[in-house]
Amino acid sequence: WRAWEGAPYSTLVPSDEVTINYRHGLPVITLMLPTRSERCQFTVKPVVTTVGAFLQDVQREDKGIERAEVFTTDGSKVSDATLMEVLLMNDFKLVINSTVYSVSPPVKDKLSSEHATEMEDIKSLVHRLFVALHLEDHQIRKERELLQKLDHLKEELLPLEQVKARIMDTADAKTSRLLWVGLALMSTQGGALAWLTWWVYSWDIMEPVTYFITYGSAMAFYAYFVLTKQDYIYPHAKDRQFLHYFYRKSKNQHFNVERYNKLKDDLAEAEESLRRLRQPLHLKLPIQEISDKD
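Conventions we followed
- Residues numbered from 1 in each chain as written.
- Predicted model: local features only at pLDDT ≥ 70, side-chain atom pairs only at ≥ 80, totals over all residues.
- Heavy atoms only, no water.
- UniProt positions renumbered as here; feature names shortened; annotations may be inferred.
- Phe/Tyr/Trp six-rings, centres within 6.5 Å; stacked < 30°, edge-to-face > 60°.
- Helix = DSSP H or I, 4+ residues; strand = E, 2+ residues; numbered from the N terminus.
- Buried < 20%, exposed > 50% of the residue type's maximum accessible area, 1.4 Å probe, protein only.
- 1 Å grid on protein atoms, 1.4 Å probe; cavity = no way out; pocket = protein on both sides within 12 Å on 5 of 7 lines; lining within 4 Å.
- Points joined across faces, edges and corners; volume = space filled by probe spheres on them.
- Nonpolar A, V, L, I, M, F, W, Y, C, P; charged D, E, K, R; others polar.
- Polar contact = N/O pair within 3.5 Å; in protein donor to acceptor, adjacent residues only side chain to side chain.
- Contact = heavy atoms within 4.5 Å.
- Expected span 1.5 Å × (residues − 1).
- Salt bridge = Lys/Arg side-chain N within 4 Å of Asp/Glu carboxyl O.

- The name an unreviewed UniProt entry assigns to the chain is Calcium uniporter protein, from the organism Sclerurus mexicanus.
- Under the heading Sequence similarities (unreviewed entry), UniProt records this for the chain: "Belongs to the MCU (TC 1.A.77) family."
- Quoted verbatim from the Function (unreviewed entry) heading of the UniProt record, the comment on the chain is "Mitochondrial inner membrane calcium uniporter that mediates calcium uptake into mitochondria. Mitochondrial calcium homeostasis plays key roles in cellular physiology and regulates cell bioenergetics, cytoplasmic calcium signals and activation of cell death pathways."

**What about the packing of aromatic side chains?**
Two descriptors summarise a pair of aromatic rings, namely the distance from one centre to the other and the angle between the planes of the rings.
Here is step 1 of the chain: One pass over the structure, following the stated rule, counts 8 aromatic pairs.
Here is step 2 of the chain: Aromatic side chains Phe42 and Phe54 sit 6.0 Å apart centroid to centroid with 85 degrees between the ring planes, which places their arrangement in the edge-to-face category. Here Phe54 lies in helix H1 (residues 51-61) and Phe42 lies in strand E4 (residues 38-43), a separation of 12 residues in the sequence.
Here is step 3 of the chain: Looking at Phe42, the relative accessible area reads 8%, which means it is buried.
Here is step 4 of the chain: Residue classification places Phe54 among the buried positions, given a relative accessible area of 4%.
Here is step 5 of the chain: Consider the rings of Tyr222 and Phe225, whose centres lie 6.5 Å apart with planes at 35 degrees: the pair is tilted.

**As for the layout of surface pockets**
Here is step 1 of the chain: Computed from the structure, the second largest pocket encloses a volume of approximately 710 Å³.
Here is step 2 of the chain: Listed by contribution, the elements that provide at least two residues to the lining of the second largest pocket are helix H3 (113-200), helix H4 (203-228) and helix H5 (234-253).
Here is step 3 of the chain: Ranked by the residues each element gives to the lining of the second largest pocket, the list is headed by H3, at 8 residues.
Here is step 4 of the chain: For the lining of the second largest pocket, the class distribution of residues is 12 nonpolar, 6 polar and 2 charged.

**Overview of the side chain of Thr197**
Here is step 1 of the chain: Residue position: Thr197 is located in helix H3.
Here is step 2 of the chain: The buried category is assigned to Thr197, whose relative accessible area is 12%.
Here is step 3 of the chain: Engagement of the side chain of Thr197 in a polar contact is seen with the backbone oxygen of Leu193, the distance being 2.6 Å.
Here is step 4 of the chain: Discounting chain neighbours no more than four positions away, the residues touching Thr197 are Ser202, Trp203 and Met206.

**Concerning H5**
Here is step 1 of the chain: The first and last C-alpha atoms of H5 sit 28 Å apart over 20 residues, in line with the 28 Å expected at 1.5 Å per residue.
Here is step 2 of the chain: Within H5, the full set of buried residues consists of Ala237, Phe242, Tyr245, Phe246 and Ser250.
Here is step 3 of the chain: Phi turns positive one or two residues past the end of H5, at His254, with a value near 60 degrees.

**Describing the pattern of salt bridges**
Here is step 1 of the chain: Evaluated as defined, the whole model comprises 5 salt bridges.
Here is step 2 of the chain: Close ionic contact of Glu161 with Lys264 constitutes a salt bridge, the shortest N to O distance being 3.4 Å. Remark: Lys264 occurs in helix H6 (residues 257-277) and Glu161 occurs in helix H3; sequence separation between them is 103 residues.
Here is step 3 of the chain: For Lys262, the salt bridge is made with Asp266, and the minimal N-O distance between the two is 2.9 Å. On the criterion of helical spacing, the pair formed by Lys262 and Asp266 is a turn pair, its members being 4 residues apart in helix H6.
Here is step 4 of the chain: Classification of Lys262 as partly exposed rests on a relative accessible area of 48%.
Here is step 5 of the chain: Among the residues examined, Asp266 registers a relative accessible area of 17% and is labelled buried.

In structure tokens, the structure reads:
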């Protein structure tokens with residue numbers, strides 16, 4: 001099966017309807033425009049022109065062209081990002097509307113190794129010049145896009161930050177109250193054991209009681225480890241209880257923690273990209289120029 005076989009690509013045109021000649025080292029593609037019924041020549045720069053750019057030029061020349069595509073001889077579609085230099089190395093099929101043109105590019109004379117090396121040097125120089133001329137514009141556009149993204153993310157985060165601050169204050173207050181309640185209970189327990197030891201009973205009676213209280217506390221700490229897979233360390237236990245209150249309060253307040261974290265990650269990534277974009281070595285500008293622009 002070929003992509004141009006059958007409807008809507010039903011008309012196969014002989015290869016002489018599309019010709020390719022080289023003029024001053026550049027390929028000139030001559031083809032018949034379907035609506036205007038006249039032959040038109042397109043001079044392409046194979047090193048920088050892509051297949052997509054060439055097809056756009058053809059469609060701009062003839063507004064009646066609704067579809068323009070390029071296929072290889074085995075039926076595979078050629079990507080619009082492919083350079084014309086690569087396309088012209090082999091035969092291909094040019095599809096315009098419902099017409100298929102079979103194209104056979106002429107074989108170029110092989111260059112000598114010295115000439116080929118010189119051409120590669122010229123191509124490299126042209127590429128470096130293109131990058132040098134358009135680098136600053138690209139940097140400015142990219143910086144503007146990042147700044148707009150940062151403003152948008154900050155606008156989305158502002159109400160979430162306010163809700164998060166209120167939830168954190170509530171969770172921190174509850175955690176602090178729990179710690180103070182624990183201290184009060186431990187103080188009460190110590191006072192009760194002292195009162196029972198010296199005023200009600202004797203140490204001989206209270207010693208087994210204190211032993212079992214100590215053993216019960218050890219069992220409680222071990223149960224904490226079994227449930228949480230963490231040692232009972234006071235700062236860690238406090239943080240765990242804080243997170244428990246925080247997530248429970250977030251659910252009640254309909255605060256989307258995952259969305260907040262995603263926005264924070266996007267904000268950090270955008271800020272890092274902007275920082276790297278403004279680095280003097282990346283911009284290839286002196287440090288003073290960077291400071292003036294900032």
